[in-house]
Amino acid sequence: MDFNGMTAAITGAASGIGHATAHAAACRGARIVALDRDAQALERMREQFDADGLALVPFAIDIGDEASVRQTVDAIAQVAPAIDLLVNSAGIVSRGLFETTTVDEWERVLSVNLSGSFFCIQQMMPLLKAGKGRAVVNVASLASKRVSYTGGVAYTAAKAGILGLTRHAAFELAGDGIRVNAVCPGPVLTAMTRNATSEADRRKVAAMVPLGAWLEPHDIAGAILFLGSPAARMITGTSLDIDGGLSLITGSSYEEYRRARQ
Ligand SMILES: NC(=O)c1ccc[n+]([C@@H]2O[C@H](COP(=O)([O-])OP(=O)(O)OC[C@H]3O[C@@H](n4cnc5c(N)ncnc54)[C@H](O)[C@@H]3O)[C@@H](O)[C@H]2O)c1
């Protein structure tokens, strides 16, 4: 996959899946517009990319705040008037149980994990239309189709919404030649999941994955770049599960299934 001469805007670029995607796209020739609310992490990222000879322009943003997205996209347009690929990876987890989830928690998770992707696609439309790549990839989750293990009800609801957003955007924006797809990662080792799990939890999860391990951020980056590249030029409105086979299991863990047959 060759991204030479292309510009990729990536939300949540300062960590985890967004960071790995930014690095993979930059190594294939893309200039990265790195978007994150963590300005210090963005600055460290810029220094690291500079040292490696990779092109990156950082912008601090709160994607859950429509005004912040609008102002940031105005600033992006000054330095990158055309965006070829938008990756919506920024997200947060919440762990409240159904009955104790507060209105604040519900609204915060929905605004970042669902509305944020809508705001970014909507505000970047002129820049996407000006680009040649014309692709958007939304980072959903296995929780979009099932139930979140690390997050709570708001997380599951928001991630399910991302697939609806993806389908509808794909349908409407097809007329502009813009493709919109989603990836649904299983358990990926990032700051988000490390902070929400214990060592014992992580061993248990690894044992449940048929391919035998947590995913790494670069496992998701590869799929994002495929969907965002010309190789996927006729793929739109779909979602790709990247989960080491986790969604194949029906109840018992993969290890238990094998043990019962030995
Ligand atoms: N890690 C997993 O197991 C997993 C599984 C399925 C889906 N996902 C999804 O993948 C995406 C990336 O998660 P990750 O695991 O890389 O997490 P991460 O915590 O490593 O990275 C998330 C990044 O998003 C940024 N961010 C958070 N809120 C923001 C906001 N309001 N505005 C701008 N930036 C903001 C954070 O600063 C951080 O840099 C998320 O949407 C997450 O829900 C993760």
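Everything in this summary refers to the structure shown in the same document. Since the model is a prediction, treat every value here as computed from it, not as a measurement.

## Examining a nonpolar patch on the surface
Here is step 1 of the chain: Together, M1, F226 and L240 give the surface a local cluster of nonpolar side chains, amounting to about 240 Å² of exposed area.
Here is step 2 of the chain: Position of L240 relative to the elements: it lies in strand β7 (residues 239–242).
Here is step 3 of the chain: You can call L240 partly exposed: its relative accessible area is 34%.

## So, the layout of surface pockets
Where empty space is left in the structure can be found by rolling a water-sized probe over the atoms.
Here is step 1 of the chain: The calculated volume of the largest pocket comes to roughly 1200 Å³.
Here is step 2 of the chain: For the largest pocket, the lining is made up of 50 residues, of which V93, Y155, T190, M192 and T193 are closest to its centre.
Here is step 3 of the chain: Breaking the lining of the largest pocket down by element, the ones donating at least two residues are α1 (16–27), β2 (31–36), α4 (103–130), α5 (153–173), α6 (191–196) and α7 (199–208).
Here is step 4 of the chain: For the lining of the largest pocket, the element with the most residues is α6, which contributes four residues.
Here is step 5 of the chain: Taken together, the residues of the lining of the largest pocket sort by class into 27 nonpolar, 16 polar and seven charged.
Here is step 6 of the chain: Approximately 160 Å³ is the volume found for the second largest pocket.
Here is step 7 of the chain: Lining the second largest pocket are F118, I121, Q122, M125, L165, H168, A169, E172 and L173.
Here is step 8 of the chain: With five residues, α5 is the single largest residue contributor to the lining of the second largest pocket.
Here is step 9 of the chain: In terms of residue class, the lining of the second largest pocket is made up of six nonpolar, two polar and one charged.

## Thoughts on the site of the ligand
Here is step 1 of the chain: Around the ligand, the surrounding shell holds 28 residues, and the nearest of these are S15, D36, Y155, V188 and T190.
Here is step 2 of the chain: A distance of 2.6 Å separates an oxygen atom of the ligand from a polar atom in the side chain of D36.
Here is step 3 of the chain: One of the backbone nitrogen or oxygen atoms of I61 is found 3.5 Å away from a nitrogen atom of the ligand.
Here is step 4 of the chain: In isolation the ligand has 830 Å² of accessible area, and contact with the protein removes 94% of it.
Here is step 5 of the chain: With respect to the detected pockets, the ligand is housed in the largest pocket.
Here is step 6 of the chain: Mapped onto the shell around the ligand, the elements with two or more residues apiece are α1, α5 and α6.
Here is step 7 of the chain: Here the shell around the ligand takes three residues from α6, the largest share from any one element.
Here is step 8 of the chain: Residue classes in the shell around the ligand are distributed as 15 nonpolar, nine polar and four charged.

## Observations concerning helix α8 (residues 217–228)
Because each turn of an α-helix spans 3.6 residues, side chains separated by three or four positions end up pointing in the same direction.
Here is step 1 of the chain: The end-to-end C-alpha separation of α8 is 16 Å, in line with the 16 Å expected for twelve residues at 1.5 Å each.
Here is step 2 of the chain: Residues of α8 that are buried: P217, I220, A221, A223, I224, L225, L227 and G228.
Here is step 3 of the chain: For α8, the secondary structure elements touched by its buried residues are α1, β4 (85–88), β5 (135–139), β6 (179–185) and β7.

## Overview of empty space enclosed by the protein
Here is step 1 of the chain: In the structure shown here, the tally under the stated rule is one cavity of 30 Å³ or more.
Here is step 2 of the chain: Approximately 30 Å³ is the volume found for the largest cavity.
Here is step 3 of the chain: For the lining of the largest cavity, the elements supplying multiple residues, two or more each, are α4 and α5.
Here is step 4 of the chain: The dominant element in the lining of the largest cavity, judged by the number of residues it contributes, is α4, at three residues.

## Digging into α5
Here is step 1 of the chain: The end-to-end C-alpha distance of α5, which contains 21 residues, comes to 30 Å, matching closely the 30 Å that a straight helix rising 1.5 Å per residue would cover.
Here is step 2 of the chain: Along α5, the residues classified as buried are A154, Y155, T156, A158, K159, I162, L163, L165, T166, A169, A170 and L173.
Here is step 3 of the chain: Summarising the contacts, the buried residues of α5 are in contact with α4, β5, β6, α6 and β7.

## A few points about the packing of α1 against α8
Here is step 1 of the chain: Following both chains from N to C, one finds α1 and α8 inclined at 55°, their axes separated by 8 Å at the closest point. The angle between the axes of α1 and α8 places the two elements in the oblique class. Both α1 and α8 take part in a crossing whose hand is right-handed. Of α8, the residues touching α1 (which contributes G16, I17, A20, T21, A24 and A25) are P217, H218, I220, A221, I224 and L225.

Thresholds applied
Residues numbered from 1 in each chain as written. Predicted model: local features only at pLDDT ≥ 70, side-chain atom pairs only at ≥ 80, totals over all residues. Heavy atoms only, no water. Patch = residues over 30% accessible without salt bridge, like charges linked within 9 Å, V, L, I, M, F, W, Y side chains within 5 Å. Areas by Shrake-Rupley, 256 points an atom, 1.4 Å probe, with all protein chains shown as cover. Salt bridge = Lys/Arg side-chain N within 4 Å of Asp/Glu carboxyl O. Helix = DSSP H or I, 4+ residues; strand = E, 2+ residues; numbered from the N terminus. Buried < 20%, exposed > 50% of the residue type's maximum accessible area, 1.4 Å probe, protein only. 1 Å grid on protein atoms, 1.4 Å probe; cavity = no way out; pocket = protein on both sides within 12 Å on 5 of 7 lines; lining within 4 Å. Points joined across faces, edges and corners; volume = space filled by probe spheres on them. Nonpolar A, V, L, I, M, F, W, Y, C, P; charged D, E, K, R; others polar. Near = heavy atom within 4 Å. Polar contact = N/O pair within 3.5 Å; in protein donor to acceptor, adjacent residues only side chain to side chain. Sits in = over half its atoms within 2 Å of the grid points. Expected span 1.5 Å × (residues − 1). Contact = heavy atoms within 4.5 Å. Axes fitted to C-alpha atoms, helices over the stretch in contact; angles between N-to-C directions. Parallel < 35°, antiparallel > 145°, perpendicular 65-115°, else oblique. Left-handed = near helix turned anticlockwise from the far one by under 90°.

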